[in-house]
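Observations on chain architecture
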Amino acid sequence: MTDTMKTQKTSKQYVPDLVSLQLLGELNYRRLGKLMRGQEEMDSWNFSVHSAGDQESRLRLTLGKESRFTSDIALEFGPEIPKKLLFKTTLSMTVRLYHDVGIAEITDGHRQYSGAYPYPNDAMLHRDEKFRLNQQLADLLELCLKHGHRLNNTLSFQFA
């Protein structure tokens, strides 16, 4: 194989941007801290989010397993009034907080996502699945920070 063919082959390989991923994790950790500020002793935080089109949504953060350096938080997001649609309208994920380094990242509760996946793959994951999921978390937390407000009482709705 010639050198140019080797260069072309390696240039197509996806390499995760670890600096951007770490920065995103640090910002998500701060965003979660802002949402919990003043009520850190609680084990559940509930928010109402008003978004475009007069859509009212709910965000629930529930504290799960805790250890000295990490905490798991279950995140649930969905419309206040359930709608009968052909697709799922609620979102749930587990976010792990690393307190010693101040980073938050999405896990699915029992495993962490890889930084890169071969493409195509049987699970239909993007090459940069980990970054995209954490970016989705960032977008959701920003939406809540900009357009949401804390609900102090227990919620009157249940996620399906």
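Described below are features of the structure shown in this document.

Cut-offs applied
- Residues numbered from 1 in each chain as written.
- Predicted model: local features only at pLDDT ≥ 70, side-chain atom pairs only at ≥ 80, totals over all residues.
- Heavy atoms only, no water.
- Pairing = 2+ DSSP bridges.
- Helix = DSSP H or I, 4+ residues; strand = E, 2+ residues; numbered from the N terminus.
- Axes fitted to C-alpha atoms, helices over the stretch in contact; angles between N-to-C directions.
- Contact = heavy atoms within 4.5 Å.
- Buried < 20%, exposed > 50% of the residue type's maximum accessible area, 1.4 Å probe, protein only.
- Salt bridge = Lys/Arg side-chain N within 4 Å of Asp/Glu carboxyl O.

The six strands are arranged 5-4-3-2-1-6 in an open sheet whose pairing can be described as antiparallel. Each of the sheet's edge strands pairs with one partner strand only, and the pair in question is strand 5 (103-107) and strand 6 (148-151). Each strand axis lies, on average, 30° off the axis of its neighbour in the sheet, ignoring direction. Relative to strand 2 (residues 55-66), strand 1 (residues 44-51) runs antiparallel, the two sharing eight bridges. Looking at strand 2, one finds that Val49 is bridged to Ser57. The strands touched by helix 2 (residues 18-36) within the sheet are strand 1, strand 2, strand 3 (70-79), strand 4 (91-98), strand 5 and strand 6, with strand 5 carrying the most contacts at an inclination of about 100°. Across the sheet, helix 3 (residues 129-147) is in contact with strand 1, strand 2, strand 3, strand 4, strand 5 and strand 6; its angle to strand 1 comes to roughly 80°.

A word on the environment of Glu66. Following the sequence through the fold, Glu66 ends up in strand 2. Here Glu66 falls in the exposed class, since its relative accessible area comes to 56%. Distance from Glu66 to Arg96, taken between C-alpha atoms, is 9.6 Å for residues 30 residues apart in sequence.

On to the pattern of salt bridges, then. Taken as a whole, this structure holds seven salt bridges when the rule is applied. Among the salt bridges present, the one from Arg60 reaches Glu76, with a minimum N-O distance of 3.1 Å. Here the residue Arg60 occupies a position in strand 2, and Glu76 occupies one in strand 3, the gap between them amounting to 16 residues. With a relative accessible area of 15%, Arg60 lands in the buried category. Take Glu76: its relative accessible area is 23%, and that puts it in the partly exposed class. Two residues, Lys146 and Glu142, come together in a salt bridge whose shortest N-O distance is 3.9 Å. With Lys146 and Glu142 both in helix 3 and four residues apart, this pair spans about one turn of that helix. Connected through salt bridges with shared partners, the residues Arg31, Glu142 and Lys146 form a single ionic network.

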